[in-house]
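Each chain, written out:
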Amino acid sequence: MPTENINLPDMSRLSASGIDFIDESYFESLLSKDKKPDSGRIDEIISKSKSKVPLTIEETAVLLATEEPEIIERIFETARLLKRDIYGNRIVIFAPLYVGNYCMNDCVYCGFRRSNKESIRRTLTAKELREQVTNLLRMGHKRTIAVFGEHINYGPVFIANCVNEIYSVKNGLDSIRRVNINAAPLSHEGYRIVKSVGIGTYQVFQETYHHSTYARMHPAGTRKSNFAWRLDAPARAIESGCDDVGLGALMGLANWKFEILSLVAHANHLMKNYGVGPHTISFPRIRPASGVTLKEIIQNDVSDSNFLRLIAILRLSVPYTGLIVTAREPAEIRKTALGFGVSQIDAGGHIEIGGYVNNEEEGTKDIQVQALEKEQFELGDVRQLDEVILQLLKDGYIPSFCTACYRLGRTGKVFMEYAIPGFIQNMCTPNALMTLKEYLVDHASQETRFLGEKMLQDELNKIPDSPQKSEIAKRIDRINNSTDRDLYF
Ligand code: SAM
Ligand code: SF4
């Protein structure tokens, strides 16, 4: 029997649940009715989401289809409530780490696509990768997502070696504590390999769930043109032990309502077949990119108000799934999005290969100069990490670098079971406070430290007197007065 090429696996070997569950005509029919849903039905759906039960696609479609301003306002209100209730005021912070931009695909929206001759191609050497990680650690980051193009050189063994390399870097007391990856679909064997080195989330975006749009965006003959292989990737990952998966759709390609309904269908498909939904969902809007003519690609522009609306609807439909808005979006939109759904953001990120520089050596401020020919796309929010942290504190959020769940095995189904009332108060908030304390002591500017200390005190005051409260206070003191770090529940 011929052995499988692990870097270019046989794309016909799908998961046990490998069917195309995107029933376009049914989804479209759901979205075309109920523009004015009756108030009883809306009450039912809103009260189901308030009890934190994931919505069906039929229920989600009602929320998506409606254009009634009053109902839309109720959706926003419910999303705000759920966000507070499930996630508290913590916002998880991470940084992207682009490892290589060689790519065999030709996705028409992406600066890394193979036909883009303007793109400057590079893969970090092991030494360069370690330098990048050192610079991330100097900034204060603890979690990163390593990003790869799809290329024969970026097979699972290469990815696993990169992940090992990232975990191995120490900078004083710091190291990266959770490495997520965003990489092309792998085979079962490939997922087992990347899982064996302890990846956090495996993230892969379907880009668009709309079949003919997918075909237009991913030219025939490229590996990515295989819709079914990509759609099935999260299921194969889960079957192979990568039980924290991240889904996503690139907004602007097809109708946004259709994409959100499909994302919910994908989440429900995983839940039904594996008892676990996605760990995160992303919904990036297309950005300008090198050699990309946006006008030809964006057929379904998503306005700011619809972007916020889609976040609120997702919050109601998949209450326990983390929602990510990256620095593709401008700071103002990110700030608003945090209020009713988004629980994770990147900050101070660079998306060119080798983009993190050592500011201490250079003696310069980390000002982002964007060079499109080196990047996948243009960013909308180029603030430094400390500026983002400061703004979060000003807005009443606890920036969190917590990675405890993944390290204590609270992933996949187990994580879902933990995501219940009381868990946030007992685990997430204390862990967020302790990681914030580390940031304040080790990395923060004076102003951030001042506001951060105040936030820590205010949050501690909110916790009722208990043995746990004394333990949290003790640990925060230890971080302040010793080299003890990484103290989590
Ligand atoms: N090559 C891998 C893949 O395609 O799955 C890695 C992904 S790519 C480096 C990460 C994601 O960036 C893509 O899945 C796509 O959704 C997004 N992306 C590509 N071009 C973009 C653009 N012009 N604006 C915003 N996001 C973009
Ligand atoms: Fe390659 Fe991914 Fe860009 Fe497509 S989105 S061209 S697969 S890097």
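Visitor: Is there a simple way to explain the overall build of the protein chain in this structure?
Guide: Within the protein chain one finds 21 helices and 9 strands. Relative to its length of 489 residues, the protein chain is compact, with a C-alpha radius of gyration of 22 Å against a globular reference of 23 Å. If you line up the protein chain on its principal axes, its C-alpha atoms span 60 × 55 × 45 Å. Burial analysis of the protein chain (489 residues in total) assigns 60% to the buried set. Accessible surface, the protein chain as shown: approximately 19,000 Å² in total, 51% of it carbon and sulfur. Distance from the positive charge centre (59 side chains) to the negative charge centre (62 side chains) of the protein chain: 2 Å.

Visitor: How should the packing of helix α5 (residues 126–139) against helix α6 (residues 156–168) be read in this particular structure?
Guide: Two measures define how a pair of helices packs: the angle their axes make with one another and the distance between the axes. Contact geometry of α5 with α6 gives a least axis separation of 9 Å together with a crossing angle of 45°. It follows from the interaxial angle that α5 and α6 lie oblique. In this structure, α5 meets α6 at a crossing whose hand is right-handed. Facing α5, whose interface residues are A126, L129, R130 and V133, α6 presents C162, E165 and I166. The class makeup of the residues in the contact of α5 with α6 is 5 nonpolar, no polar and 2 charged.

Visitor: Honestly, the site of ligand 2 in this entry has me stumped. Any pointers?
Guide: Around ligand 2, the structure places C103, N105, C107, Y109, C110, F112, R113, G149, K224 and Q376. Partitioned by chemical class, the residues of the shell around ligand 2 number 5 nonpolar, 3 polar and 2 charged.

Visitor: Looking at this structure, how should I read helix α4 (residues 69–87)?
Guide: Each α-helix winds once per 3.6 residues, and so residues spaced three or four apart point in a common direction. When the terminal C-alpha atoms of α4 are compared, their 26 Å separation across 19 residues agrees well with the 27 Å that a helix rising 1.5 Å per residue should span. Those residues of α4 not exposed but buried are I71, I72, I75, F76, T78, A79, L82, K83, I86 and Y87. Looking one or two residues beyond α4, the residue adopting positive phi is G88, at roughly 65°.

Visitor: Would you take a moment to explain the pattern of salt bridges for this structure?
Guide: One side chain can pair with another of opposite charge once the charged atoms of both are near each other. Counted according to the given criterion, the structure contains 37 salt bridges. A salt bridge links R223 to E150; the nearest nitrogen and oxygen atoms lie 3.4 Å apart. In this pair, R223 sits in the loop between α8 (211–217) and α9 (227–231) while E150 sits in the loop between β2 (143–148) and α6, placing the two residues 73 residues apart along the sequence. Take R223 and E150: they sit in the same class, and that class is buried. The partner of D486 in a salt bridge is R177, with the nearest N and O atoms 3.4 Å apart. Taken as a pair, D486 in the segment after α21 (467–481) and R177 in the loop between α6 and β3 (178–182) lie far apart in primary sequence, 309 residues in all.

Criteria and cut-off values
- Residues numbered from 1 in each chain as written.
- Chains lettered and ligands numbered in written order.
- Predicted model: local features only at pLDDT ≥ 70, side-chain atom pairs only at ≥ 80, totals over all residues.
- Heavy atoms only, no water.
- Helix = DSSP H or I, 4+ residues; strand = E, 2+ residues; numbered from the N terminus.
- Rg over C-alpha atoms; globule rule 2.2 N^0.38 Å.
- Buried < 20%, exposed > 50% of the residue type's maximum accessible area, 1.4 Å probe, protein only.
- Areas by Shrake-Rupley, 256 points an atom, 1.4 Å probe, with all protein chains shown as cover.
- Lys, Arg positive; Asp, Glu negative; His and termini not counted.
- Charge placed at Lys NZ, Arg CZ, Asp CG, Glu CD.
- Axes fitted to C-alpha atoms, helices over the stretch in contact; angles between N-to-C directions.
- Parallel < 35°, antiparallel > 145°, perpendicular 65-115°, else oblique.
- Left-handed = near helix turned anticlockwise from the far one by under 90°.
- Contact = heavy atoms within 4.5 Å.
- Nonpolar A, V, L, I, M, F, W, Y, C, P; charged D, E, K, R; others polar.
- Near = heavy atom within 4 Å.
- Expected span 1.5 Å × (residues − 1).
- Salt bridge = Lys/Arg side-chain N within 4 Å of Asp/Glu carboxyl O.

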